[in-house]
Amino acid sequence: MTNPIHFLDLHEVSKEDLRTMIDDALAVKKARAGKPKGTRDEGRPLDGHTLACIFEFPSTRTRVSFDMGMRQLGGDTLVLNSDDMQLGRGETIADTAKVLSRMVDVIMLRTDNHQKLKDLAENASIPVINGLSNFSHPCQLMADVLTFEEHKGNIKDRVVTWSGDGNNMVTSWIHAAGQFGFELRIACPEELSPNPVALDWAKEVGAAVHVTRDPEEAAKGSDCLVTDTWVSMGDDVGARHNLLKPYQIDEKLMEKAASDAIFMHCLPAHRDEEATTAVMDGSQSVIFDEAENRLHAQKAVLRWCLGKI
Ligand code: CP
Ligand code: NVA
């Protein structure tokens with residue numbers, strides 16, 4: 001039996017494969033433009049295949065995009081909440097992996113503990129996809145790179161500025177900077193710095209990743225400003241709002257960026273906290289393209305995991 005191909009983090013996938021997935025997603029998106037959303041005219045490459053999505057946390061975009069994506073590719077989906085499974089009563093991840101591997105073809109897990117993803121992958125004989133963990137959110141980054149490139153061309157050698165919490169999204173932005181070859185400036189309070197493991201990886205591979213306490217300096221001339229909620233799922237609120245207030249993306253901060261810079265946010269947002277409504281609904285915002293692109297990017301990820309790309 002060949003080893004399954006997992007999609008756990010961007011730095012574990014080759015640069016070539018990441019590029020293939022982004023290019024494929026863009027081409028398929030273009031070919032589908034204007035057709036009804038349930039159209040399954042892509043040759044049904046995943047006919048007969050079933051995806052099990054397991055959620056330990058709530059989700060709107062991840063849930064709907066995986067389900068619709070699988071349907072468009074001719075496959076089927078089971079959407080499961082962990083509390084309704086024996087997982088919620090203490091069955092191990094390893095046993096769950098072995099059982100599901102007998103019944104479905106690919107698993108997506110959203111979890112509060114990244115180690116569970118690793119354990120699932122280690123014990124499954126089918127591909128496992130990271131649908132967000134406390135460490136990272138690689139599927140979102142595939143959509144984000146796709147969105148950047150649709151609006152601004154190849155992301156290589158461009159500049160992206162993060163202003164806000166150094167959370168799971170930042171880990172995946174760091175991995176993306178190394179893999180796609182762009183500069184990432186991260187403005188955040190010291191107390192909410194990015195995961196040191198991700199920063200160490202960036203250093204090791206020579207990725208252009210810089211951390212600063214000064215959002216204005218970080219935004220200067222940037223091609224894209226990006227942020228995320230100040231309180232991620234599973235976080236304690238604590239002093240986050242006070243610490244993060246100086247990192248809010250408002251129109252003044254957008255003005256520091258290049259005049260044609262875009263604004264991104266993975267959503268869900270807390271409007272007028274991490275970004276003002278004026279920025280979120282402004283002409284530079286691409287947040288709803290970004291949400292739609294979860295669907296297109298993940299279809300490429302699913303096909304890659306199942307050897308159909
Ligand atoms: N961006 C994102 O993952 O959204 P959901 O939590 O709605 O899935
Ligand atoms: N950082 C956020 C992302 C939500 C998609 C969280 O983990 O809640």
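Throughout this document, residue positions are counted from 1 along each chain, in the order its sequence is written. Key to labels: chains lettered from A, ligands numbered from 1, both in the order written. Since the coordinates come from a predicted model, pLDDT governs what is reported: local features require at least 70, and pairs of side-chain atoms require 80 or more to be given and counted, while whole-chain, interface and lining totals use all residues. Note: side-chain values were computed over all heavy atoms of the structure, leaving out hydrogens and water.

Our next topic: the overall build of the chain. Starting at the N terminus, helices and strands are each numbered in turn, a helix being any DSSP run of H or I of at least four residues and a strand any DSSP run of E of at least two. Per the secondary structure count, the chain includes twelve helices and nine strands. Radius of gyration here is computed from C-alpha atoms only, and the compact-globule reference equals 2.2 Å multiplied by the residue count raised to the power 0.38. Here the C-alpha atoms of the chain give a radius of gyration of 19 Å, agreeing with the 19 Å that 2.2 N^0.38 yields for 309 residues. The principal-axis extent of the C-alpha atoms belonging to the chain is close to 55 × 45 × 35 Å. Going through the 309 residues of the chain one by one, you find that 54% of them count as buried. Here, two residues are considered to be in contact whenever any of their heavy atoms come within 4.5 Å of each other. For the chain, contacts bridging at least 24 residues in sequence account for 74% of all contacts bridging at least 6. In the form shown here, the chain has an accessible surface area of approximately 13,200 Å², with 48% of it arising from carbon and sulfur atoms. Each charge sign in the chain was given a centre, from 34 positive and 48 negative side chains, and these centres are 4 Å apart. Each residue's exposure class comes from its accessible area (1.4 Å probe, protein chains only) as a fraction of the maximum for that residue type: buried when under 20%, exposed when over 50%, partly exposed otherwise. Computed with a 1.4 Å probe, the accessible areas rest on the Shrake-Rupley method; for each residue, only the protein chains presented here act as cover. For this count, His and the chain ends are skipped, Lys and Arg are scored as positive, and Asp and Glu as negative. Just so you know, the charge point we use is NZ for Lys, CZ for Arg, CG for Asp and CD for Glu.

Let's shift gears to the environment of Asp41. For Asp41, the position within the fold is in the loop between α1 (15–32) and β1 (50–55). What Asp41 contacts, discounting residues up to four positions off in sequence, is Arg32 and Lys35.

Turning next to the site of ligand 1. Note on definitions. A residue lies near a molecule or strand when any single heavy atom of the residue is within 4 Å of it. Taken together, the neighbourhood of ligand 1 is formed by Ser59, Thr60, Arg61, Thr62, Arg110, His137, Gln140, Cys266, Leu267 and Arg294. Nitrogen and oxygen atoms within 3.5 Å of one another constitute a polar contact, given that in protein one can donate a hydrogen and the other can accept it, and given that sequence-neighbouring residues count only through two side-chain atoms. Taking Ser59, its side chain carries an N or O atom lying 2.7 Å from an oxygen atom of ligand 1. In this structure, His137 approaches ligand 1 through a side-chain N or O atom, which is 2.8 Å from an oxygen atom. Relative to its unbound accessible area of 260 Å², ligand 1 is 96% covered by the protein chains. Cavities and pockets are defined on a 1 Å grid built over the protein atoms alone: a cavity is a set of grid points where a 1.4 Å probe fits but cannot escape, while a pocket is an open set with protein on both sides within 12 Å along at least five of seven lines, and lining residues are those with an atom within 4 Å of any such point. For this analysis, a molecule is said to be in a pocket or cavity if more than half of its atoms are within 2 Å of the grid points defining it. In this structure, ligand 1 is accommodated by the largest pocket. Just so you know the grouping, Ala, Val, Leu, Ile, Met, Phe, Trp, Tyr, Cys and Pro go in nonpolar, Asp, Glu, Lys and Arg go in charged, and all remaining residues, Gly too, go in polar. The class makeup of the residues in the shell around ligand 1 is two nonpolar, five polar and three charged.

A separate point is the site of ligand 2. Residues in contact with ligand 2, as listed here, are Leu132, Asn167, Asn168, Asp228, Thr229, Ser232, Met233 and Leu267. Here a nitrogen atom of ligand 2 sits 2.8 Å away from a polar atom, N or O, in the side chain of Asn168. Relative to its free-state accessible area of 270 Å², ligand 2 is covered by the protein chains to the extent of 95%. Here ligand 2 is seated within the largest pocket. Taken together, the residues of the shell around ligand 2 break down into three nonpolar, four polar and one charged.

For the rest of this paragraph, the subject is the layout of surface pockets. Grid points are joined across faces, edges and corners, and a volume is the space filled by probe spheres set on the points. Taken as a whole, the largest pocket holds about 480 Å³ of empty space. Around the largest pocket sit 32 residues that line it, and Leu132, Asn168, Thr229, Ser232 and Met233 are the ones nearest its centre. Looking at the lining of the largest pocket, the elements with two or more residues in it are α2 (61–72) and α6 (168–180). In terms of residue class, the lining of the largest pocket is built from ten nonpolar, 14 polar and eight charged. In this structure, the second largest pocket is lined by 18 residues; those nearest its centre are Lys37, Gln72, Glu292, Leu295 and His296. Within the residue set of the lining of the second largest pocket, elements represented by two or more residues are α1, α2 and α12 (287–305). For the lining of the second largest pocket, a count of residues per class yields six nonpolar, five polar and seven charged.

A few words on the packing of α1 against α12. Their axes nearest at 8 Å, the elements α1 and α12 cross at an angle of 125°. The angle between α1 and α12 places the two elements in the oblique class. Crossing of α1 against α12: the hand is right-handed. Counting all contacts with α1, which are made through Asp17, Met21, Asp24, Ala25, Val28, Lys29 and Arg32, the residues of α12 involved are Glu292, Asn293, His296, Ala297, Lys299, Ala300, Val301, Arg303 and Trp304. Split by residue class, the contact of α1 with α12 holds seven nonpolar, two polar and seven charged. To get an axis, a line is fitted to the C-alpha atoms, and for a helix only the part in contact is used. The angle between two axes follows their N-to-C directions and goes from 0 to 180 degrees. Oblique is the label for any angle not covered by the other classes, which are roughly parallel (under 35 degrees), roughly antiparallel (over 145) and roughly perpendicular (65 to 115). Handedness of a crossing is defined here by the sense of rotation of the near helix relative to the far one, left-handed for an anticlockwise turn of less than a right angle and right-handed for a clockwise turn.

This brings us to the pairing of β1. Of all the six residues making up β1, six are buried; the element is thus mostly covered by neighbouring parts of the structure. Side-chain alternation along β1 places Thr50, Ala52 and Ile54 on one buried face and Leu51, Cys53 and Phe55 on a second face that is also buried. Pairing of β1 with strand β2 (residues 76–81) involves six bridges; the strand directions are parallel. The residue bridging Leu51 from the neighbouring strand is Thr77, located in β2. The sheet contact formed by β1 and strand β3 (residues 106–110) spans five bridges and is parallel. Looking at β3, one finds that Phe55 is bridged to Arg110. Strand pairing requires that DSSP identify at least two bridges connecting the strands.

The subject of this paragraph is the environment of Asp105. Note that Asp105 resides in the loop between α3 (93–103) and β3. Residue Asp105 is classed as partly exposed on the basis of its relative accessible area, which comes to 25%. Separated by 200 residues in sequence, Asp105 and Cys305 have C-alpha atoms that sit 9.9 Å apart. If we ignore the near neighbours within four places in the chain, the residues touching Asp105 are Gly48, His49, Thr50, Ile126, Pro127 and Leu306. At a separation of 2.7 Å, a polar atom in the side chain of Asp105 contacts the main-chain amide nitrogen of Thr50.

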